[in-house]
Amino acid sequence: MFQLTDVSKRYAHKQGRVTALQSTTLRIAPGEFVAVVGPSGCGKTTLLSILGGMLAPTSGQVLLEGQSVYDLPPAKRAKLRLRKIGFVFQTFNLVPYLSALENVQIPLMLGRASAAESERRASDLLARVGLSERMHHKPSELSVGQQQRVALARTLANDPAVILADEPTGNLDPQTREQVLDFLAELSGEGRTVIVVTHDPAAAKRAGRIIKLADGAVSSDVKVAIQRVA
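To start, this report covers the structure provided alongside it. Everything numeric in this text was worked out from a predicted model, so none of it was measured. (Residues numbered from 1 in each chain as written. Predicted model: local features only at pLDDT ≥ 70, side-chain atom pairs only at ≥ 80, totals over all residues. Heavy atoms only, no water.)

**Concerning the packing of aromatic side chains**
Any two aromatic rings considered together are summarised by their centre-to-centre distance and by the angle between their planes. Scanning the entire structure with this criterion turns up one aromatic pair. Between phenylalanine 87 and phenylalanine 89, the aromatic rings sit 6.0 Å apart at their centres with planes inclined by 10°, giving stacked as the arrangement. Assessed through its relative accessible area of 17%, phenylalanine 87 is described here as buried. Relative accessible area serves as the criterion here: at 25%, phenylalanine 89 is assigned to the partly exposed category. (Phe/Tyr/Trp six-rings, centres within 6.5 Å; stacked < 30°, edge-to-face > 60°. Buried < 20%, exposed > 50% of the residue type's maximum accessible area, 1.4 Å probe, protein only.)

Right under this line is the structure:
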């Protein structure tokens, strides 16, 4: 699925250059559920952004299904993200003046689905996350947990092979956190590649592989038995 070879990211700073990610080589196979952990500022979000085609590395190569992501022109890279990658953010990134249904329809419309098809698909996805009765509500009319479920439904709109989640449980109560983790585990069980950046030990324990970063470098990379919830 992903192959990173000698990937690094450096930023210019008024006090010099800052290395956010040191030379990193990783392979992430299709269907893996990976947690990326480590202290703040260690490079977790930088790594996720590079994987998602949103942040070009300073050096190195990023392959997704054998295709060099950053050798693509920006327009083709955007199409690749739209077709293959779904994003989940701690802040949800829902459009406040759109309903839950309309928020889920956004990637479908960007993908040139018809209005009827995008509405049907969005309705089905909201039903899957238990929000059939709330699909015409705006984000401000939904609880935090419901907003995250709308975001998860939107993530699945174009049936991506990869789910990238940045602190997806950070703002959630314990019950809702477990629901979101169950859903991510379900997506992994369907054969999707799920990569989660997290400070949450409970989230990391649900993954089958834990990559720990420290000072912009991989300090450990361990495969573990996935914890399933009965």
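Having seen the structure, we can now continue with the description.
**Side note on a positive patch on the surface**
Side chains of Lys76, Lys79, Arg83 and Arg112 sit close together on the surface and give a patch of like positive charge. Here arginine 83 shows up in helix H2 (residues 74–84). (Patch = residues over 30% accessible without salt bridge, like charges linked within 9 Å, V, L, I, M, F, W, Y side chains within 5 Å. Areas by Shrake-Rupley, 256 points an atom, 1.4 Å probe, with all protein chains shown as cover. Salt bridge = Lys/Arg side-chain N within 4 Å of Asp/Glu carboxyl O. Lys, Arg positive; Asp, Glu negative; His and termini not counted. Charge placed at Lys NZ, Arg CZ, Asp CG, Glu CD. Helix = DSSP H or I, 4+ residues; strand = E, 2+ residues; numbered from the N terminus.)

**Focus on the packing of helix H3 (residues 100–110) against helix H4 (residues 115–128)**
For the pair H3 and H4, interaxial distance at closest approach is 8 Å and the crossing angle is 125°. Relative to H4, the element H3 lies oblique. Considering only the axes of H3 and H4, their crossing is right-handed. Contacts between H3 and H4 pair Ala100, Leu101, Val104, Gln105, Leu108 and Met109 from the former with Ala115, Ser118, Glu119, Arg121, Ala122, Ser123, Leu125 and Leu126 from the latter. Class assignment of the residues belonging to the contact of H3 with H4 gives a composition of nine nonpolar, three polar and two charged. (Axes fitted to C-alpha atoms, helices over the stretch in contact; angles between N-to-C directions. Parallel < 35°, antiparallel > 145°, perpendicular 65-115°, else oblique. Left-handed = near helix turned anticlockwise from the far one by under 90°. Contact = heavy atoms within 4.5 Å. Nonpolar A, V, L, I, M, F, W, Y, C, P; charged D, E, K, R; others polar.)

The values reported here are purely geometric and, on their own, carry no functional implication.
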